[in-house]
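# Architecture at a glance
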Amino acid sequence: MSSTGTKLEAVNSAQPKLKLRALLVEDNALDAALVVRALFKDGFDVSADVVQDEAGFTKAIHAKCPEIVLADYNLPTWKGMEVLKALRREGLDIPMILVSGALGDVTAVECIKQGATDYVLKDGLARLPEVVRRALREKNERSLRRQVEENLARKADELARSNADLEQFAYVASHDLQEPLRMVAAYTQLLGERYKGKLDADADKFIGYATEGATRMQVLIQDLLAFSRVGRNTGSSESIDCNAAMKDVLQTLAGAIQESGAVVTHGELPALWADRTQITQIFQNLVGNALKFRGNNPPLISIQVEKTGQHWQFSVSDNGIGIAPEHADNIFVVFQRLHARTEYPGNGIGLAICKKIVERAGGRIWVESQAGSGSTFKFTMPIHNADEPAPDQHAPDEKENEAKL
Ligand code: ADP
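Each chain has its residues counted from 1, following the order in which its sequence is written. Local features in a predicted model are, by the rule used here, given only for residues with pLDDT of at least 70; side-chain atom pairs are given and counted only at 80 or more, and totals for whole chains, interfaces and linings are based on all residues.

We call a residue near a molecule or strand when the C-beta position, derived from backbone atoms, sits within 6 Å of it. Close contacts around the ligand come from 21 residues, with N289, L338, G346, G350 and L351 the closest. Numbering of helices and strands runs from the N terminus, with a helix taken as a DSSP run of H or I at least four residues long and a strand as a DSSP run of E at least two residues long. Contributions of two or more residues to the shell around the ligand are made by α9 (276–292) and α10 (350–360). Amino acid classes used here: Ala, Val, Leu, Ile, Met, Phe, Trp, Tyr, Cys and Pro are nonpolar; Asp, Glu, Lys and Arg are charged; the rest, including Gly, are polar. Across the shell around the ligand, the residue classes tally to 9 nonpolar, 10 polar and 2 charged.

Shown next, in the form of structure tokens:
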């Protein structure tokens, strides 16, 4: 029995019943007894406190955190709907069902809109057990969902933190390793120059290996540093005309294009709100790879764009050696390559950098290919929102710009 209310217990029958802690907000003792009886009759072992005003309600929810609140709509000194405010104030998610003598449909709908779980008329109490069961079920589902969401948010936090730690580690390690490695490279080179032919043949060979290893490691560390720098020292975003960026890239690659007899075509490209260096890096890596991993015929490379929802979808397709589908994911991992460097030069960092840039911008990148039949690399970049400062976006048209250099 609460200080301001009455305690009602429905005696357990032989059949196992579902225990229920209820809080009744009711001024009529007889009605409260009928409510408990209706629940008891339908399988609940009810322990109910009955209160009639706010003070009693607050005290009861603190004393015994009920599983359900059954509130009369009209009370002499309080209002059933005030219960919701009190629950919110206490930060409690407890279903509240209105149990009322008379409640018009319009009022009932309004009460549910404001947060009441349901309503039952006092002359229809037979419905109450089912309504209570449903409310408890929904509450249970809500807490489960909340728990899952909280777990997910915690995991995402942990992941973000460990990613940041890893990035920091890769950056510091690659940055700080540069200096001692420079010493190793410089002095093995010096050894090679100064003592070549003065020791035995093995010594020359070993010094050669050491110099080669140190030089190679320098390149790898520089690549790693370039990878961890993506997003660290990002230049500010601006409106980038991809046609101009592509023109720069084709100029940079002019030697390889000419030497291979490649034909590179592209439609009208849109403007992106992005970092200029990074966009150029993506184009250069993809077009550069299309030139490098060519087959027996001169490369045919086509760059196209289409609009897909909120993104531009770029594609860079070639007629080169292609990629077996089982490698479609790992080629985007740092230092993952499918060929020996003697076959095709490179370090396996280009696509990892592209992926990092694209994903940081909110897009994704993937490849569609079969071994031996060319590759199409696709990536998406968000379409710039027109409310942001003046990006000059224009949809690509059919016009093809052909760059045969
Ligand atoms: P790299 O070009 O230095 O090897 P990337 O990260 O750019 O590094 O590419 C990783 C690997 O993906 C390449 O070694 C190659 O095996 C494969 N690859 C990339 N682009 C193509 C392409 N256009 N055609 C066939 N294979 C490709």
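Further notes follow.
Quick look at the nonpolar core now. Grouped together as the largest cluster of nonpolar side chains are 46 residues, with contacts concentrated most on V287 and C354. Element by element, the count of residues in this core is highest for α9, at 7 residues. Two residues qualify as being in contact provided that their C-beta atoms, derived from the backbone, are within 7 Å of each other. When neighbours within four sequence positions are excluded, V287 is seen to be in contact with V249, L253, V264, I301 and V316. The nonpolar core criterion groups buried Ala, Val, Leu, Ile, Met, Phe, Trp, Tyr and Cys residues into a set whenever they are joined through C-beta atoms within 7 Å. Exposed residues have 12 or fewer other C-beta atoms within 10 Å of their own C-beta, buried residues have 20 or more, and residues in between are partly exposed; the C-beta atoms are placed from the backbone. A71, A116, Y119 and V120 belong to the second-largest nonpolar core, a separate cluster that totals 38 residues.

The next point concerns the confidence of the model for the chain. pLDDT measures the predictor's confidence residue by residue and takes values from 0 up to 100. Per-residue confidence for the chain gives a mean pLDDT of 88, with 90% of residues at or over 70. Within the model, pLDDT remains below 50 along residues 390–405, and this stretch shows 36 contacts once partners closer than five positions in the same chain are excluded.

What marks off one domain from the next here is an automatic or database domain assignment. When its domains are assigned, the chain resolves into domain 1 (6–146), domain 2 (154–229) and domain 3 (238–403). On a C-alpha basis, the centres of domain 2 and domain 3 stand 29 Å from each other. Domain 2 puts 5 residues into the contact, and the matching count from domain 3 is 6 residues. Looking at the side of domain 2 that touches domain 3 residue by residue, the class counts come to 4 nonpolar, no polar and 1 charged.

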